[in-house]
Each structure stands twice: as C-alpha cells, then as structure tokens.
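Architecture and fold: a report
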Amino acid sequence: MSIVQDARAAIAFSQELYRSKLSTAYRGKVHHDPLARPRMGEGRNNPYAVYAELRAQGPLVPTRLGNLATVDHAVARSVLTSRTFGVRPLEGPSPTSENFDLSFLDRNEPDHSRLRRVAAPAFSPRMVRGYRSRVEELVDGLIGELADGGTVDFVSSFAAPLPIGVITRMFGIDEDAGIDTTAFARYGAALGGSLDGIHSLRHARELMEAATALGEMFDRLLRLRAVDPREDLTSVLAAERGDQVRPDELMSMSLLLLVAGFETTVNLLGNALLALQDHPDQWRLLTEQPELAGQAIEETLRWNPPVQRTERVAFEDQEVAGTPVRKDQWILLLLGGTGRDPEVFPDPDRFDITRSHGAEHLAFSSGIHYCLGAPLARLEATIALEQLAIRLPGIRRAGPVTMRRTTLIRGPLHLPVTVAVE
C-alpha cells in the first residue's frame, strides 16, 4: 500500500465511513431523520438537542439502513467492551475498503493487539511523565505570545501549535535527523485538520502533498532510528520492523498517531476554553482555583468531547438492551450523547468543573480500543488550562466562533480571543 493510500485513512475516514453506513440511502430525507440532522446546520451548532430526541426513543434507535444507534451510556459502554463486537466484520470487506488503513484503530483481534503493542511503550507512564517538561516549555512560550495583546485566534495561536510541538519531540523530529521541523509542523497541522473533509480540488492537492511529504519524512526517520535509536517513538517503531510488523504497517501507524495526537488535543483545548468563556462563573472559579484544571478537562470531555461518535459491528446474533442485533449489523455509538445521559450524570446539560464523576465518560472510547494517547492528551490539556488560568485570567472571547463542519470531530476551527489587563 502506498504512502498516499495510508494517508487517506486520516483524510477521509470520517466522511467515507459515515456516508457508507448512514447517508447514502436517505439523501433528500434528512429533515425526517434525526440521525442525519447532526450533519446539518442545526446539528453542527447543537448536536445535543438531537441526541436528547434520540434518547427519548429508547436505548437503541433503528437507522434507515437497518443499523442501530445509541446515546445510552450503559449500552455504549457494554458494546465497546464486548468481545462480540468489533471495528470491522469478521468476513467480507471493511466499510472503508482496502484504501483506508487506520492501523490498529481499524483492526480486530489478533491484529489489533499485535500492532497496538508496538506503539504502547511510547505512551507508558514513564514516557508520558518525560513529556511534561516539553509541554511546560511549549505552554510557557505560547502564553507569552498571547500575552503580547491584540485579538488572535486561539486555535491557530495556541491550541494547534501545542500538540504539534509535543508530537515533534515525541517522534524525535529534529534538524539532526535531516528533517525540516517547520515543514513537519506545517504538514502535520494540515493533515491533522483534514477531518473537516476535502473542500476543493486545491485542498485535496494540498493534503496529498502533505501526506506524501510526511510519508517521506517518516520513512527517512524510521531508517535512521533503526541504526541510531534514541528515546523516542520512532525508535520504538523502528525496533519492531520485521516479519511481525511490516514497513507499510509502521508507516500507517506513524500517520495515525500523528493525526490522532493532533486532533484530540487541539479540539479538547478549543472546547475547554470555549465552554469556560461561555460560563464566566466557571472561568472565574478556575482562575481562583487553577488546581481544578484537571477536573475542567474531564468535564469538557463529558460535556462536549472532541470525538463525537464511533461504530461497532456485531460478530454474532445477540441481544443488546432487549433489542435483537444481527450478525454484521452496525451500532453507531454517539459518544457526545452518552456524556449527557441523565442516568449517569445528574443535571447533564450543566457545565460544572466541580462535578464529581461517578462514572467514567466515554470520550476516549472504552475496551481494547481505549485511546492509547489519552494520558498524553490529558497532560497537555491540563497543563495548558492551568497556566492560562494563572497567567491570563483576563482572556476573553473576542468575536464569533467558527465550528468545524464535521460530525466526527467537534471543536472550534477559529476562536478569536483577546487578553484584557486585570
């Protein structure tokens, strides 16, 4: 599989998978189907109203293509942790086809564990602790730039550069490796933001250029680290190259980890600051008690998570929440809706950074596909939010917010802010 085909997994997964399983059969009927409405203007602005309507229809709601959907926390958790469901059918083609390789994210067992095991050491508690100094260094510099004054876009000025800077260090991208770190960051940001979809032929060409360039960089770096290993993710991956893990699988994994590491954190930061700005009492509380930053991040993940949905397919005929589920039938798990389940989270529409989380939200999924990079995303977001509250308590929203036009990833594309002197 070529580098371009590998990159398409990151570029087109959301729109291709959604179209193939949910949209094709009822184009023109979306006004009568609440499952399609999140893709329209009202749903992009407030999908949670749609989720509430679905919740009233029961734990599992049929789709027009004969599949099922849920916003029920208990049902979603049971499906995510069940070994009788997977991310692709046991037989037959994957909905994304062979051109869309999402590495271990798109694998059932045993391939899932085989590939995930390769990347796991780079996300161990020891390695994540080692990233702290890099995160603190980046946050310090980015806050210093925000503090210079004027109106800036929080996403492009802070939320996006932070994870790209962490990922660059994580992969061991530096001038000594013969890689232009500025170009890597630029291409990484372009590819990481591609889940909004391809908007034009020019945009498509730009994304393919970014994917090809990143593929060449990763290939060069993997070869280098195979003979000159360092303490970085690329060295971990290069050490596994061989009969058990093919070179093309390592390339897919590198691109997946780049895109996943970027998208989760940039949208988590954007959603967190936006929620706090929309709830001034909560922002004031955080500036008074910055140690609540971790809880503020967890509340954001529950209340408005970056990843809004995932899917699972049944391996066998079974029953879920009293509903028969056929083999090869898909269940759409609306994760954004599960965080507003009143059976689990009292007064679920209220954003409260002091909330005591009696049950774990599903923002990072659950089961064997639980997000491998969750600890790193939490570390980056918590440090960033804590320092923003301490050093820039006067930060304020300074204009209309532009949200991403996608149903898979939710977050601000542009969030203008200004820093008032207090």
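In this text, all values refer to a predicted model and were calculated from it rather than measured experimentally.

Things to note about the overall build of the protein
A count of helices and strands for the protein gives 16 helices and twelve strands. The 422 residues of the protein split such that 55% are buried. Within the protein, contacts between residues separated by at least 24 positions form 73% of all contacts whose residues are at least 6 apart in sequence.

A closer look at the packing of helix α5 (residues 111-119) against helix α12 (residues 247-278)
Following both chains from N to C, one finds α5 and α12 inclined at 65°, their axes separated by 11 Å at the closest point. Note that α5 runs across α12; the crossing there is right-handed. Of α12, the residues touching α5 (which contributes R114, L115, V118 and A119) are E249, L250, M253 and L257. In the contact of α5 with α12, the residues fall into six nonpolar, no polar and two charged.

Details of the packing of aromatic side chains
Summed over all chains, the structure comprises six aromatic pairs. Between F171 and F218, the aromatic rings sit 5.0 Å apart at their centres with planes inclined by 55°, giving tilted as the arrangement. Of this pair, F171 sits in helix α8 (residues 161-171) while F218 sits in helix α10 (residues 201-227), and the two are 47 residues apart along the sequence. The two residues F171 and F218 agree in class, both being buried. Here F364 and Y370 contribute two aromatic rings whose centre-to-centre distance is 6.3 Å and whose plane-to-plane angle is 65°, an arrangement assigned as edge-to-face. In this structure Y370 comes out as partly exposed when scored by relative accessible area, which is 22%. Its guanidinium or amino end placed over the ring of F345, R302 lies 5.5 Å from that ring's centre, counting from NZ or CZ.

What about the nonpolar core?
With 89 residues, the main nonpolar core has F154, F158, L162, F184 and L286 as its most contacted residues. For this core, the leading source of residues is α12, giving 16 residues. The residues contacting F154, other than those within four sequence positions of it, are L146, A159, L269, G270, L273, L388, L415 and V417. In terms of nonpolar packing, the next biggest core, distinct from the first, is built from 14 residues, L60, V79, A314 and V325 among them.

Overview of helix α13 (residues 280-288)
Along α13, the residues that are buried comprise Q282, W283, L285 and L286. Taken around the axis of α13, the buried residues stretch over an arc of 160°, which confines them to a single face. Where α13 is buried, its residues touch α12, α14 (293-303), α16 (374-391) and β9 (395-397).

Procedures and definitions
Residues numbered from 1 in each chain as written. Predicted model: local features only at pLDDT ≥ 70, side-chain atom pairs only at ≥ 80, totals over all residues. Heavy atoms only, no water. Helix = DSSP H or I, 4+ residues; strand = E, 2+ residues; numbered from the N terminus. Buried < 20%, exposed > 50% of the residue type's maximum accessible area, 1.4 Å probe, protein only. Contact = heavy atoms within 4.5 Å. Axes fitted to C-alpha atoms, helices over the stretch in contact; angles between N-to-C directions. Left-handed = near helix turned anticlockwise from the far one by under 90°. Nonpolar A, V, L, I, M, F, W, Y, C, P; charged D, E, K, R; others polar. Phe/Tyr/Trp six-rings, centres within 6.5 Å; stacked < 30°, edge-to-face > 60°. Lys NZ or Arg CZ within 6 Å of the ring centre and 35° of its normal. Core = buried A, V, L, I, M, F, W, Y, C linked by side-chain atoms within 4.5 Å. Arc of directions from axis to C-beta.

What is shown is where atoms sit, not what they do.
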